[in-house]
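Residue strings, one per chain:
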Amino acid sequence: PIIYAGRDGQSGRAIPMQDRINALATRALNWARLRKKQNAEKKVCICLFQFPPDKGNVGTAAYLDVFGSIFSVLKKLKEEGYSVEDIPESIEGLQKSVLEDPLASFSMSDLNVGDRMGVDE
């Protein structure tokens with residue numbers, strides 16, 4: 001939701017917030033453009049849950065088949081004309097490709113660290 005106006009405390013009159021109105025108009029125009037794009041031109045992101053971080057909990061959720069669901073979504077996206085490449089042949093293959101990805105093997109505590117300071121500093 002975008003709040004696009006506030007109320008004057010005295011009169012109760014709505015006071016438009018121009019930056020919010022611009023954001024709302026931009027969002028509406030972007031949604032309209034997206035609707036007209038071919039599926040192959042659209043960009044989609046799938047985010048995997050991992051909490052607590054660095055504890056081997058990638059893609060876990062109580063009583064849900066996370067990798068099975070992602071596998072089904074990827075196949076459906078491809079059927080509907082989205083550019084989806086390198087879909088593994090099975091759910092197990094998808095899970096393996098995610099969990100054994102060399103870029104995913106970094107410890108979370110080492111990611112995005114530019115400098116380390118000792119306690120004395």
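Scroll up for the structure.
Note that the structure is a prediction, hence the values are computed from the model and not measured.

About the criteria used
- Each chain has its residues counted from 1, running along the sequence as written.
- Thresholds applied to this predicted model are a pLDDT of at least 70 for local features of residues and 80 or more for the giving and counting of side-chain atom pairs; totals over whole chains, interfaces and linings are not thresholded and use all residues.
- To get the side-chain values, take all heavy atoms of the structure and skip hydrogens and water.
- Helix and strand assignments follow DSSP, with helices taken as H or I runs no shorter than four residues and strands as E runs no shorter than two, numbered in order from the N terminus.
- Helix span, as expected, comes to 1.5 Å for every residue beyond the first.
- Contacts were defined at the residue level, with two residues in contact if any of their heavy atoms lie within 4.5 Å.
- Exposure is judged per residue with a 1.4 Å probe applied to protein chains only, and the accessible area is read against the type maximum: over 50% gives exposed, under 20% gives buried, and values in between give partly exposed.
- Lines fitted to the C-alpha atoms define the axes, with helices restricted to the stretch that makes contact. Angles between their N-to-C directions range from 0 to 180 degrees.
- By the definition adopted for this analysis, an angle is roughly parallel if under 35 degrees, roughly antiparallel if over 145, roughly perpendicular if from 65 to 115, and oblique otherwise.
- What makes a nonpolar core is a set of buried Ala, Val, Leu, Ile, Met, Phe, Trp, Tyr and Cys residues whose side-chain atoms join them at distances within 4.5 Å.
- What goes into a patch is any residue over 30% in relative accessible area without a salt bridge, connected to like charges within 9 Å or, for nonpolar side chains (Val, Leu, Ile, Met, Phe, Trp, Tyr), within 5 Å.
- Under the convention used here, a 1.4 Å probe and the Shrake-Rupley method define accessible areas, while residue burial counts only the protein chains that appear.
- By salt bridge we mean one thing: a side-chain nitrogen of Lys or Arg within 4 Å of a carboxyl oxygen of Asp or Glu.
- Counted charges follow a simple rule, with Lys and Arg positive, Asp and Glu negative, and His plus the chain ends left uncounted.

Peer 1: Could you give me a rundown of helix H2 (residues 66-79), with the residues and numbers involved?
Peer 2: Taking 1.5 Å per residue as the helical rise, H2 with its 14 residues ought to reach 20 Å, and the 20 Å between its terminal C-alpha atoms agrees with that figure. Summarising the contacts, the buried residues of H2 are in contact with helix H3 (91-99).

Peer 1: Explain unusual backbone geometry to me, using residue names and the numbers behind them.
Peer 2: With the exception of glycine, the majority of residues adopt a negative phi angle, and the majority of peptide bonds are in the trans configuration. Non-glycine residue Tyr63 carries a positive phi angle of around 65°. With respect to the helices, strands and loops of the structure, Tyr63 is situated in the loop between helix H1 (18-36) and H2. On the basis of relative accessibility, which here comes to 87%, the residue Tyr63 falls in the exposed class. Unlike most non-glycine residues, Asp86 shows phi in positive territory, near 55°. Judged by its relative accessible area of 74%, Asp86 is exposed.

Peer 1: Quick rundown of the packing of H2 against H3? Include the residues and the values.
Peer 2: Contact pair H2 / H3: the axes reach a minimum separation of 9 Å and the direction vectors enclose 105°. Looking at the two axes, H2 sits roughly perpendicular to H3. Of the residues in H3, those in contact with Phe67, Gly68, Ile70, Phe71 and Leu74 of H2 are Ile91, Leu94, Gln95, Val98 and Leu99.

Peer 1: Let's hear about the nonpolar core: which residues, and what values?
Peer 2: Membership of the largest hydrophobic core is limited to nine residues, which are Val66, Phe67, Ile70, Phe71, Leu74, Leu77, Tyr82, Val84 and Leu94. At six residues, the largest contribution of residues to this core is made by H2.

Peer 1: Give me a nonpolar patch on the surface: which residues, what numbers.
Peer 2: On the surface, a nonpolar cluster with roughly 240 Å² of combined accessible area is contributed by Val44, Ile46 and Val73. Mapped onto the fold, Val73 is located in helix H2. Given the relative accessible area of 40%, Val73 is considered partly exposed.

Peer 1: Outline the side chain of Lys42, supporting the account with residue identities and numerical values.
Peer 2: Within the secondary structure, Lys42 sits in the loop between H1 and H2. Buried charge Lys42 goes without a salt bridge, the closest partner of opposite sign being Glu80 at 8.1 Å. Not counting chain neighbours up to four residues away, the residues in contact with Lys42 comprise Leu34, Lys37 and Tyr82.

Peer 1: Would you mind going over the pattern of salt bridges in detail, with residue names and values included?
Peer 2: With the rule as written, the count across this model stands at three salt bridges. Lys76 is paired through a salt bridge with Glu79; the nearest N and O atoms lie 4.0 Å apart. Note that Lys76 and Glu79 are positioned in helix H2 at a spacing of three residues, about one turn of the helix. The partly exposed category is assigned to Lys76, whose relative accessible area is 44%. Accessibility expressed as a relative area gives 62% for Glu79, which makes it exposed. Among the ionic pairs, Glu80 bridges to Lys76, the shortest N-O distance being 3.8 Å. In this structure, a network of salt bridges that share partners links the residues Lys76, Glu79 and Glu80.

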